[in-house]
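Below are the chains, spelled out letter by letter.
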Amino acid sequence: MKSQQKCILVFALVCCFAVLVALIFSAVDIWGEDEDGITEENCSKDCRIVLVENIPEDISFLDNGTSHLPLSTGLYNLLDQAIRVVEIVSPLWLLNSSEYESSFQPAAKKGRALLSRLQGLKAKGIQLKISSEMTDSTDLQALARHNAEVHYVNMTALIKGHLHSSFWVVDRKHFYIGSASMDWRSLATRKELGVLVYNCSCLALDLHRLFSLYWGLQYKDFIPSFWSKRLFALFNGDTPLDLTLNSTEAEAYISSSPDAFTPKERSSDLKAISRVIQEARHFIYISIVDYLPLLQSSTNRYWSHIDGLIREALILRKVQVRLLISCWEKTHPLTFNFIWSLKSLCMQQANCSLEAKFFSARVQRDGSIQGINHNRFMVTDRAIYLSNLDWVGKEFTFNAGAGLVISQPEDTEEKSSSVIHQLRVAFERDWFSCYTRSLQANKIPVCNKHPVCNKHQLNKLVPAKTSHLGSGLVPIRTSYQEYRSAPIKTRSHNDRPKQRKTGHQEEANELVPIKDTHQEMGRVQLSHPDNRQLQIKINYHDDQMEALSESAESSGSNEISNGSL
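Residues numbered from 1 in each chain as written. Predicted model: local features only at pLDDT ≥ 70, side-chain atom pairs only at ≥ 80, totals over all residues. Heavy atoms only, no water.

A. Inspection of the environment of Ser360 at higher detail. Relative to the elements of secondary structure, Ser360 occurs in strand E19 (residues 354–360). When the C-alpha atoms of Ser360 and Gly371 are compared, they prove to be 8.1 Å apart, with eleven residues separating the residues in sequence. (Helix = DSSP H or I, 4+ residues; strand = E, 2+ residues; numbered from the N terminus.)

B. Structural context of the pattern of salt bridges. Inspection of every chain in the model, using the stated rule, returns 15 salt bridges. With a closest N to O distance of 2.6 Å, Lys191 and Asp430 form a salt bridge. With a gap of 239 residues between them, Lys191 in the loop between strand E9 (182–183) and strand E10 (192–198) and Asp430 in helix H12 (residues 419–431) connect regions that are remote in the sequence. As far as the burial class goes, Lys191 and Asp430 line up, both buried. Glu355 serves as the salt-bridge partner of Arg322, at 3.2 Å between the closest nitrogen and oxygen. You can see Arg322 sitting in strand E18 (residues 320–327) and its partner Glu355 sitting in strand E19, a full 33 residues away along the chain. Given a relative accessible area of 0%, Arg322 falls into the buried group. In the salt-bridge network here, residues are joined through shared partners; they are Glu53, Lys191, Arg429 and Asp430. (Salt bridge = Lys/Arg side-chain N within 4 Å of Asp/Glu carboxyl O. Buried < 20%, exposed > 50% of the residue type's maximum accessible area, 1.4 Å probe, protein only.)

C. View of unusual backbone geometry. Cis geometry marks the peptide bond from Ser257 to Pro258; its omega dihedral reads -10°. Looking at where Pro258 falls in the secondary structure, it is placed in the loop between strand E12 (248–257) and strand E13 (267–268). Within the chain, Tyr219 stands out as a residue other than glycine whose phi angle is a positive 70°. Mapping Tyr219 onto the fold places it in the loop between helix H7 (201–216) and strand E11 (241–245). By relative accessible area, Tyr219 is classed as exposed at 75%.

D. View of the side chain of Asn54. Along the chain, Asn54 turns up in strand E1 (residues 46–54). A polar contact of 3.4 Å, which involves the side chain of Asn54, links it to the backbone oxygen of Ser186. Discounting chain neighbours no more than four positions away, the residues touching Asn54 are Leu71, Arg185, Ser186, Leu187, Ala188, Thr189, Arg190, Lys191 and Glu192. (Polar contact = N/O pair within 3.5 Å; in protein donor to acceptor, adjacent residues only side chain to side chain. Contact = heavy atoms within 4.5 Å.)

E. View of the pairing of strand E23 (residues 383–386). Every second residue of E23 is oriented toward a common face, with Ala383 and Tyr385 on one face and Ile384 and Leu386 on the other, all of them buried. Summarising the sheet, strand E22 (residues 377–380) and E23 pair through three bridges and their orientation is antiparallel. Each residue of the ladder has a partner; that of Met378, found in E23, is Tyr385. The pairing of E23 with strand E25 (residues 401–407) spans four bridges and is classified as antiparallel. Within the sheet, the bridge partner assigned to Leu386 lies in E25 and is Leu404. (Pairing = 2+ DSSP bridges.)

F. Representation of the nonpolar core in the model. Phe167, Ile306 and Trp391 are the most contacted members of the largest nonpolar core, which has 106 residues in total. Ranked by residue count, the leading element in this core is H7, at ten residues. Membership of the second largest hydrophobic core comes to 34 residues, among which are Val50, Leu78, Leu121 and Leu196. (Core = buried A, V, L, I, M, F, W, Y, C linked by side-chain atoms within 4.5 Å.)

G. Structural view of the pairing of E1. Counted residue by residue, E1 has eight buried out of nine residues, so it is predominantly covered. Pairing between E1 and E11: two bridges, direction parallel. Across the sheet, Asp46 pairs through a bridge with Thr244, a residue of E11. Sheet topology note: the E1/strand E2 (residues 69–70) ladder contains two bridges and is parallel. Residue pairing across strands places Val52 opposite Leu69, the latter belonging to E2.

H. Region of the structure containing the state of the cysteines. One pass over the full model with this rule turns up three disulfides. The disulfide partner of Cys47 is Cys200, and the gap between their sulfur atoms is 2.2 Å. Because the sign of the S-S torsion sets the handedness, a value of about 65° for the bond joining Cys47 and Cys200 places this disulfide among the right-handed ones. Residue Cys47 is found in strand E1, and its partner Cys200 is found in the loop between E10 and H7; the two are separated by 153 residues along the sequence. Neither residue differs from the other here; Cys47 and Cys200 are each classed as buried. Across the disulfide, Cys346 is cross-linked to Cys352 (sulfur-sulfur distance 2.0 Å). Handedness of the Cys346-Cys352 disulfide follows from its S-S torsion of about -60°: it is left-handed. On the basis of relative accessibility, which here comes to 6%, the residue Cys346 falls in the buried class. (Disulfide = S-S within 2.5 Å.)

Written as structure tokens, this is what we have:
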């Protein structure tokens, strides 16, 4: 009897030892791929960053508006840089539009062109690896026939959510991250924004590790208790990467969501947002599709995390806050209630400024909603946060996302080279455009009503708010013709951009600034340089819009109104 008990005990000990060994190995290097000898010690930290945007053809800004590299051109160029491997994560794969969609949207051909370029990687000996939760995408099926490796992640089984991350990693050296999906609408009818980062293997390697996490979840219906060390973050909010971006000093790191998908040392998106908001001293500008501080389920619950941080910034630190939110068919009605709740904080409060505007979508002739502002970013006087998630409670709790945080010193000599400055200028361009409307008291917005901007509109002079940093609101038009071999250069605000159309072939093979094919809508007048105040002359249609002036010391109850909802 005793010998039998001893055998059972020995067997149990052997099993425990085997499990322990398995866990140790799984936490070391079993899961993960070779990183080609790139380490934190020898990786590149002298990087270049380029803002890329998709501006739909029927959206036209003032002629002084910022011009960034078109998204499609930027992605083509990223493929041109590829030598060995391209890794892509995207929430959607719908590049090949239908003939019906193409008949309404001629620009839909950009999606098919990008799909063709991805299929052509095989002939160049370049490996294409894709992580996705879409199992019924004809695009992915077509790419798989061209030797692409596709791993499917069962997000429903893992966390009952969705894969919303959107980024590319090329040769673990260059990368893209932004709001755009691999969807023809992101290249044609949606307003998107992201960044390309070149020759930055330190940060690209860290983003590659996030790709490897998704890649390793194929066929799994549970989240591992232990992550491989090769999935641990190299940098985070406490220990960011020190690097140079366009010859300016900066710090950066990659964040991710949800917590269940956040291995050791990785900062979560919520922690990243918290840090960026809490470190802001002068202003916080937020451009987002949806803002709703609720956890929606069978019973809704207030989700105070980000909403509380904004309230603290307003009341306790007197930081100026601007919220630019998309107004579209899926905007939750309670969004407007929560915005009014924030605005009410500034009543009778000195130096308290909360402003909110809504970017209106358009209804096309086929009845679809297009032109939505799909941007998802935050810019402050000290940092930027760029991600793929909306600021809704369930997004960070159940959905997988990736974020990029970059901070730079306020005393940067070449402000035009600072990504913070460039993103701020892009936000202000959108904010002061005729496509935004202010929230009006006791009015329910109609989100499919879109303002008309044309040369017959009533002329109004709208003075721009003086910058907290003393630089004024002088948008910088950036030229990227030579960005392959030189840091980003900027033109004077007196330069006038050329207007011309570009065919797909030219766009794919040549780096050209975004084109504005619409008629001139206004002009910029700058008074004496010492005044540091910009006056923008905007035309409005008198039966649709009413322009209100905003003083340099406006509060939450006195803001520019480009129209009433």
